[in-house]
Each structure stands twice: as structure tokens, then as C-alpha cells.
Amino acid sequence: MDLSKLSLIFKIIIIGIIYIIIFLALRIMYKDIKNGGRRVRPNSGKSFGLEIIEPGNNSNLRKGGVIPIRGEITIGRKSENLLVLDDPYSSGYHARIYLKNNDCIIEDLGSTNGTLLNGIRLEGREYLSSGDEIRIGNTSFRVIV
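All values derive from a computational prediction rather than experimental measurement.

With that settled, consider the overall build of the chain. The helix and strand inventory of the chain stands at 1 helix and 11 strands. Its helices and strands taken in sequence order, the chain reads α-β-β-β-β-β-β-β-β-β-β-β from the N to the C terminus. Taking 2.2 N^0.38 as the reference for a compact globule, 145 residues should give roughly 15 Å; the C-alpha atoms of the chain span a radius of gyration of 27 Å, well beyond that estimate. Overall size of the chain, expressed as C-alpha extent along the three principal axes, is 90 × 25 × 25 Å. When the 145 residues of the chain are sorted by exposure, 30% land in the buried category. Contacts in the chain between residues far apart in sequence, at least 24 positions, make up 38% of those at least 6 positions apart. The chain carries 20 positive and 15 negative side-chain charges, and their two centres are separated by 12 Å.

Now the structure itself:
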């Protein structure tokens, strides 16, 4: 067999591999653009949020606004919290709301004045449902799904 024919075969194989790599890269980029850069979770389930019923003394909250719950939200007066309340009746680290297995759970973090869930003082953790009302000091929220 002649070496020139062998080198021509290798050139064709290399060009074919390059075209396959370019095609696969373009397909991946198209999928990323189509999904907006988000990964699609097959069983993402419900999405929860907190509707602000009464903002209290908080200038950063407005009545009717919605705070989405993605992962975990800590609530309190300290600036390290995700939701900072300017309320003299809320503790530094008052409560946390988090998602677990498509359920939304609220937990009081040992606050002085307590967290009210539907008018009842919260003891430990409770599952949240649509329409539940949460009151922390002068601020109140409604759970929406």
C-alpha cells in the first residue's frame, strides 16, 4: 500500500472527527440557550413564596410584595439574615423557612417573642400550606404556592 494513500485516509478521518466535535459543541450550546442556562429539574414540584400582608416598620418591604422561597430563608434583625426585619419585637435570628422534599417548613430559632403560625405560637418545626399566616413581631406574611 502506498503511503500517500494512507496519509490521505488519516486526513479524512481527522477532518471527520473535527466535524463531529463541532456538531456536538453546537448542540450543547443550543440546549443551553434554549433552557436559558437553567438546568431543568424533572420533579421540581411546587414553588413557595411569602406574600407581605403587613410590613410593620420595615422600609425594605411593601404590602402585597412577594418573597420567593428557594432553598432556605433566615429571618431576623441581624444583617446576616436573608430577610432582615427592622422590628423591635423580632430577634437577631428569629426564624427560618426552608424547603425539604417539595415541602415548605418553618422553624422558630429560639426567638424571645416567638413566631405565630395562624395565630398560634410556633413550637419547633411545622409544615406550611398555602394560605398559612406567619407573624413575626409587627410583620406578617401569607404563604402562597
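A general tendency of soluble globular proteins is for nonpolar side chains to be buried together. Counting 21 residues, the largest nonpolar core has Leu50, Ile67, Leu83, Ile97, Leu128, Ile134 and Phe141 as its most contacted members. Contributions of two or more residues to this core are made by strand S1 (48-54), strand S2 (66-69), strand S3 (72-76), strand S5 (95-100), strand S6 (103-108), strand S10 (133-136) and strand S11 (139-144). Top contributing element to this core by residue count: S1, with 3 residues. Discounting chain neighbours no more than four positions away, the residues touching Ile67 are Gly49, Leu50, Ile52, Leu61, Ile73, Leu83 and Phe141.

Attention now moves to the packing of aromatic side chains. Inspection of the entire model under this criterion finds 0 aromatic pairs. The cationic tip of Arg96 hangs over the ring face of Tyr98; the distance from NZ or CZ to the ring centre is 4.0 Å.

Conventions used here
- Residues numbered from 1 in each chain as written.
- Predicted model: local features only at pLDDT ≥ 70, side-chain atom pairs only at ≥ 80, totals over all residues.
- Heavy atoms only, no water.
- Helix = DSSP H or I, 4+ residues; strand = E, 2+ residues; numbered from the N terminus.
- Rg over C-alpha atoms; globule rule 2.2 N^0.38 Å.
- Buried < 20%, exposed > 50% of the residue type's maximum accessible area, 1.4 Å probe, protein only.
- Contact = heavy atoms within 4.5 Å.
- Lys, Arg positive; Asp, Glu negative; His and termini not counted.
- Charge placed at Lys NZ, Arg CZ, Asp CG, Glu CD.
- Core = buried A, V, L, I, M, F, W, Y, C linked by side-chain atoms within 4.5 Å.
- Phe/Tyr/Trp six-rings, centres within 6.5 Å; stacked < 30°, edge-to-face > 60°.
- Lys NZ or Arg CZ within 6 Å of the ring centre and 35° of its normal.

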